[in-house]
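A structural walkthrough
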Amino acid sequence: MTKYRALFVEEAEDKNYTQALVERSIDDLPKGEILIRVEYSSLNFKDALSAHGNKGVTRQFPHQPGIDAAGAVEQSDVDAFAPGDSVIVTGYDLGMNTAGGLGQYIRVPASWVIPCPTEMNAKQAMHFGTAGLTAQLCINKLEKMGLTPSQGKVLVTGASGGVGSIAVALLAHAGYEVVASTGKLEQTDYLQSIGAKSVIDRANLQEESKRPLGQADYAAAIDVAGGVTLANVLKSVKHSGSVAACGLVENPNYPGSVFPHILRNVNLLGVDSVEIPLEEKRTAWEQLAMVASLPALAALNQEIKLDDVVSALTSIVEGNATRHFLVDML
Ligand SMILES: NC(=O)c1ccc[n+]([C@@H]2O[C@H](COP(=O)([O-])OP(=O)(O)OC[C@H]3O[C@@H](n4cnc5c(N)ncnc54)[C@H](OP(=O)(O)O)[C@@H]3O)[C@@H](O)[C@H]2O)c1
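Residues numbered from 1 in each chain as written. Predicted model: local features only at pLDDT ≥ 70, side-chain atom pairs only at ≥ 80, totals over all residues. Heavy atoms only, no water.

**Let's talk about the overall build of the protein chain**
To be explicit about the condition: A run of DSSP states H or I qualifies as a helix once it reaches four residues; a run of E qualifies as a strand once it reaches two. Both are numbered from the N-terminal end. Only C-alpha atoms enter the radius of gyration, while the globule expectation follows 2.2 Å times N to the 0.38, with N the number of residues. Categorising residues by exposure relies on relative accessible area from a 1.4 Å probe, with only protein chains included: less than 20% of the type maximum marks a residue as buried, more than 50% marks it as exposed, and the intermediate range marks it as partly exposed. In this description, contact between two residues means that some pair of their heavy atoms is separated by no more than 4.5 Å.
In terms of helices and strands, the protein chain carries nine helices and 15 strands. The C-alpha atoms of the protein chain give a radius of gyration of 20 Å, which matches the 20 Å a tight globule of 330 residues would have. Dimensions of the protein chain, computed from C-alpha atoms along their principal axes, come out at roughly 65 × 45 × 35 Å. Taken across its 330 residues, the protein chain has 54% of its residues classed as buried. Across the protein chain, the fraction of contacts at a sequence separation of at least 24, relative to all contacts at a separation of at least 6, is 70%.

**Observations concerning helix H7 (residues 278-289)**
One turn of an α-helix holds 3.6 residues; hence residues three or four places apart share an orientation. Note the threshold: Expected helix span is taken as 1.5 Å per residue step, with the number of steps being one fewer than the number of residues. The arc refers to the directions leading from the helix axis to the C-beta atoms.
When the terminal C-alpha atoms of H7 are compared, their 16 Å separation across twelve residues agrees well with the 16 Å that a helix rising 1.5 Å per residue should span. What H7 keeps buried is the set Lys-281, Ala-284, Trp-285, Leu-288 and Ala-289. End-on view of H7: buried residues confined to an arc of 145°, all on one side of the axis. Where H7 is buried, its residues meet strand S5 (86-90), strand S7 (114-115), helix H2 (122-144) and helix H3 (162-173).

**Structural notes on the site of the ligand**
Defined as follows: We call a residue near a molecule or strand whenever a single non-hydrogen atom of that residue lies within 4 Å of it. Using the Shrake-Rupley algorithm and a 1.4 Å probe, accessible areas are obtained, with residue cover drawn only from the displayed protein chains. Note on residue categories: nonpolar means Ala, Val, Leu, Ile, Met, Phe, Trp, Tyr, Cys or Pro, charged means Asp, Glu, Lys or Arg, and polar means any other residue, Gly included. Here the bounds of each domain stem from an automatic or database domain assignment.
Taken together, the neighbourhood of the ligand is formed by 25 residues, with Ser-160, Thr-182, Lys-184, Cys-246 and Ser-273 sitting nearest. Here the ligand, which alone exposes 920 Å², has 86% of that area covered by the protein. Here the residues of the shell around the ligand sort into nine nonpolar, twelve polar and four charged. Counting only domains with at least three residues in the shell around the ligand, you end up with domain 1 (3-116 + 294-328) and domain 2 (131-270).

**Considerations on the packing of aromatic side chains**
To describe a pair of aromatic rings, one takes the distance between the centres and the angle between the planes. For clarity, the cut-off: Side-chain rings of Phe, Tyr and Trp, where Trp is taken by its six-membered ring, are said to pair if the distance between their centres is within 6.5 Å; with planes under 30 degrees apart they count as stacked, over 60 as edge-to-face, and otherwise as tilted.
In total, this model carries four aromatic pairs according to the counting rule given. Relative to Tyr-105, the ring of Tyr-4 lies with its centre 5.8 Å away and its plane at 65°, an arrangement referred to as edge-to-face. Placement of Tyr-4 in strand S1 (residues 3-11) and of Tyr-105 in strand S6 (residues 105-108) is noted, with a sequence separation of 101 residues between them. Of the residues examined, Tyr-4 reaches a relative accessible area of 2% and is grouped as buried. Given the relative accessible area of 8%, Tyr-105 is considered buried.

**Looking at helix H9 (residues 309-317)**
Within the span of H9, buried status applies to Val-309, Ala-312, Leu-313, Ser-315 and Ile-316. End-on, the buried residues of H9 take up no more than an arc of 155°, which puts them together on one face. Buried positions along H9 lie against S1, helix H1 (45-51), strand S14 (301-305) and strand S15 (324-328). Just beyond H9, the residue with positive phi is Gly-319, at close to 75°.

**Looking at the domain arrangement of the protein chain**
The condition is simple: Buried area: the sum, over both parts, of the accessible surface (1.4 Å probe) that disappears when the two are put together. For this analysis, a salt bridge means a side-chain nitrogen from Lys or Arg found within 4 Å of a carboxyl oxygen belonging to Asp or Glu. Under the rule applied, a polar contact is a pair of N or O atoms within 3.5 Å (in protein, one hydrogen donor and one hydrogen acceptor; residues adjacent in sequence only if both atoms are side-chain atoms).
The domains assigned to the protein chain are domain 1 (3-116 + 294-328) and domain 2 (131-270). Placing a centre on the C-alpha atoms of domain 1 and another on those of domain 2 gives a separation of 28 Å. Of the residues lining the interface, 14 residues belong to domain 1; the matching set on domain 2 comes to 14 residues. Taking both partners together, domain 1 and domain 2 bury about 1100 Å²; carbon and sulfur atoms supply 69% of that area. Contact with domain 2 buries area across many residues of domain 1, yet Leu-294, Leu-300 and Thr-322 alone supply 38% of it, more than any other trio. Here domain 1 is connected to domain 2 by zero salt bridges. Remark: the boundary between domain 1 and domain 2 carries three residue pairs in polar contact (both at pLDDT 80 or more).

**Structural notes on the sheet that holds strand S13 (residues 267-270)**
Rule in force here: Criterion used throughout: strands pair if DSSP finds at least two bridges between them. Think of each axis as a best-fit line through the C-alpha atoms, taken over the contacting stretch in the case of a helix, with angles from 0 to 180 degrees between the N-to-C directions.
Taking strand neighbours across the sheet as the criterion, the six strands line up as S10-S9-S8-S11-S12-S13 in an open arrangement whose pairing is parallel. In the strand order of this sheet, the two ends are held by strand S10 (198-201) and S13, each with one partner. For this sheet, the mean angle separating the axes of adjacent strands, direction not counted, is 20°. Inspection of the sheet shows strand S9 (residues 178-182) paired to S10 by four bridges, in the parallel sense.

**Section: the environment of Gln-124**
Its location among the elements puts Gln-124 in helix H2. Overall, the relative accessible area of 18% leaves Gln-124 in the buried class. Sequence spacing of Gln-124 and Ser-236 is 112 residues, and the spatial spacing of their C-alpha atoms is 35 Å.

**Observations concerning a nonpolar patch on the surface**
Condition: Each patch is built from salt-bridge-free residues with over 30% relative accessible area, joining like charges within 9 Å and nonpolar side chains (Val, Leu, Ile, Met, Phe, Trp, Tyr) within 5 Å.
Taken together, the side chains of Val-258, Phe-259, Ile-262 and Leu-263 present a nonpolar region at the surface, about 390 Å² in accessible area. With a relative accessible area of 36%, Phe-259 lands in the partly exposed category.

**Brief notes about the nonpolar core**
The condition is simple: Here, the term nonpolar core denotes a set of buried Ala, Val, Leu, Ile, Met, Phe, Trp, Tyr and Cys residues that are joined through side-chain atoms within 4.5 Å.
Counting 55 residues, the largest nonpolar core has Met-120, Phe-128 and Trp-285 as the members making the most contacts within it. Taken together, the elements giving at least two residues each to this core come down to H2, strand S8 (154-156), H3, S9, helix H4 (188-193), strand S11 (218-223), H7 and helix H8 (295-300). Looking at which element gives the most residues to this core, the answer is H2, with eleven residues. Lining this core are residues from two domains, each supplying at least three of them: domain 1 (3-116 + 294-328) and domain 2 (131-270). Not counting residues up to four positions away in its chain, the partners in contact with Met-120 are Ile-88, Ala-125, Phe-128, Trp-285, Ala-289 and Ala-292. If you look at the next biggest cluster of nonpolar residues, it comprises 33 residues, including Phe-61, Phe-81, Tyr-92 and Leu-94.

Below, the structure written as structure tokens:
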């Protein structure tokens, strides 16, 4: 019986949640077609919510979180995968109510599994994780609406976070002029080092205003915040520009009006990285593999061990993290 180490979250009677590193058995894993030995994982806002008992993410405890995993197939019940294959799993139910990538083993349906592109290894894949996949999907959606670097500045909110920092790096590499919005102005040099042309204080975007439109500064934006920030971002995009909205760190609701849409032709584009078809994820992973050696990716990741995950997840939930966390699971 193979034993492995995992982050395990338990619910106490007083509804407090405890996070501990425990030894589990692969017999504890759910049924599934592919058993994967996880080599690397990465941390996301959703992992922090799951680990702190958010029932919107994880209904049942005890639970092994982790929405990201990259590693090698150990056993396969399907012809498409063989032991030793390098694979990536992100999203669907992984780490929500299915034991996730913050354990050294996962067992999942074959329909969740993507072959790791040959241009990148498991570690490079988790330099991106769901955060990088989401950033790439946001850029793809903006470009599908016609965005090109010549149209002007692109604003990224939550720029020091996982999605935000990778979006900054990918956009800059693609030739865009990136404006990074952050609550951590002391991280200005860092944000510029990964590709931001300029850095603004996120407080500027959090002031509620009754004005229907603001100054049209940006060709497009990627927003992880929602709330007043999203309403203000929509007001500051140029005619026919687009905003890719993927997050809710500030507020899932936003006090918006139709004016940016009907007076400036601004598009609000929704981005989901979790439930989209596997083929769409695969295409985005192939795009990410082409830039896997970008120096900014190593700079924006902080490599940690499983033993460090509990404190790292606390820093995420408190909004204090300044790097994307890559977790060495070996
Ligand atoms: N749609 C999808 O498929 C998908 C996929 C991945 C993530 N997401 C969502 O995207 C969001 C970001 O995820 P993440 O993993 O990048 O999180 P993260 O690493 O924790 O980064 C979030 C960043 O947002 C900023 N922030 C924190 N609290 C804030 C507040 N109250 N108001 C405004 N900004 C705040 C901070 O950056 P600064 O200090 O630099 O401002 C923080 O670093 C989350 O809501 C997550 O659920 C969605």
